[in-house]
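# A structural walkthrough
Listed below are the residues making up each chain.
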Amino acid sequence: MSPTRILRPGTPLAGLLLIPAALLVLSGCATAPTEGAPEQQSTQQPSDEQLTPGENEVITIGLRFMPETITVPVGTTVTWRNGETIGHTITSGAWGDVNESTGLRGSQSADGLFDHALAPMGEEGDSFSFTFDEPGEYPYFCEPHLTMNAMVIVEG
Ligand SMILES: [Cu+2]
């Protein structure tokens, strides 16, 4: 066994010790802060009523839109409501190439008709409404979650 070599102070390698600390700070910001707060679970669990979409309403839950296809008469205002404590987006545009086993879409193309950052349930901005004045099929998706692909069908 040879003795561990000790770095002399002032060597360039000493600066490397700062890098792991900086990475820890960055990754700490990026991870969800929900861990370690189990006492809040009882108040944050959505009720059955919160998870049941009303008329002309879509709920985001379990990284899905519910319902994934909604059909409404022209002129209807559709409302999206967040049913969970993570953010989503309501982004209009075509999506496709969905993998049958994973449910992940392989393509998306935002068209700019609407694009709303849906705040987590219970926070300001946790719902969003859009009125469909023209008949047609309006695909939309959640930008960060590739399982969230849905459609509004507007009948004339
Ligand atoms: Cu999402």
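Overview of the structure. (Residues numbered from 1 in each chain as written. Predicted model: local features only at pLDDT ≥ 70, side-chain atom pairs only at ≥ 80, totals over all residues.)

### Description of the overall build of the protein
- Scanning the protein from N- to C-terminus turns up three helices and nine strands.
- Starting at the N terminus and ending at the C terminus, the protein contains elements arranged as α-α-α-β-β-β-β-β-β-β-β-β.
- Counting over 156 residues, the protein shows a buried share of 17%.
- The contacts of the protein with a sequence gap of at least 6 include a subset with a gap of at least 24, amounting to 57%. (Helix = DSSP H or I, 4+ residues; strand = E, 2+ residues; numbered from the N terminus. Buried ≥ 20, exposed ≤ 12 C-beta atoms within 10 Å, placed from the backbone. Contact = placed C-beta atoms within 7 Å.)

### Here's the deal with the sheet that holds strand E6 (residues 107–118)
- Taking strand neighbours across the sheet as the criterion, the five strands line up as E3-E9-E8-E5-E6 in an open arrangement whose pairing is mixed. In the strand order of this sheet, the two ends are held by strand E3 (69–73) and E6, each with one partner. For this sheet the average axis-to-axis angle between neighbouring strands, irrespective of direction, equals 30°.
- Across seven bridges, the pairing between strand E8 (residues 136–142) and strand E9 (residues 145–155) is antiparallel. Its bridge partner lying in E9, Cys142 is registered against His145. (Pairing = 2+ DSSP bridges. Axes fitted to C-alpha atoms, helices over the stretch in contact; angles between N-to-C directions.)

### Notes on the environment of Asp126
- Structurally, Asp126 is set in the loop between E6 and strand E7 (127–131).
- Measuring from C-alpha to C-alpha, the distance between Asp126 and Asn82 comes to 5.4 Å, with 44 residues separating the pair along the chain.
- Look past the residues within four positions of Asp126 in its chain and what remains in contact with it is Arg81, Asn82, Leu118, Ala119, Pro120 and Met121.

### Remarks on the sheet that holds E7
- Pairing within the open sheet is mixed, and its four strands lie in the order E2-E1-E4-E7. Lying at the two open borders of the sheet, with one neighbouring strand each, are strand E2 (64–66) and E7. Shown here is a sheet whose adjacent strand axes are inclined to one another by a mean of 20°, direction ignored.
- Summarising the sheet, strand E1 (residues 57–61) and E2 pair through three bridges and their orientation is antiparallel. Paired with Thr60 across the two strands is Phe65, which belongs to E2.

### Considerations on the environment of Glu68
- Residue placement: Glu68 occurs in the loop between E2 and E3.
- Put simply, Glu68 and Ala150 are 82 residues apart on the chain and 4.6 Å apart in space, counted from C-alpha to C-alpha.
- Contact partners of Glu68, with chain neighbours within four places excluded, come to Ala150 and Met151.

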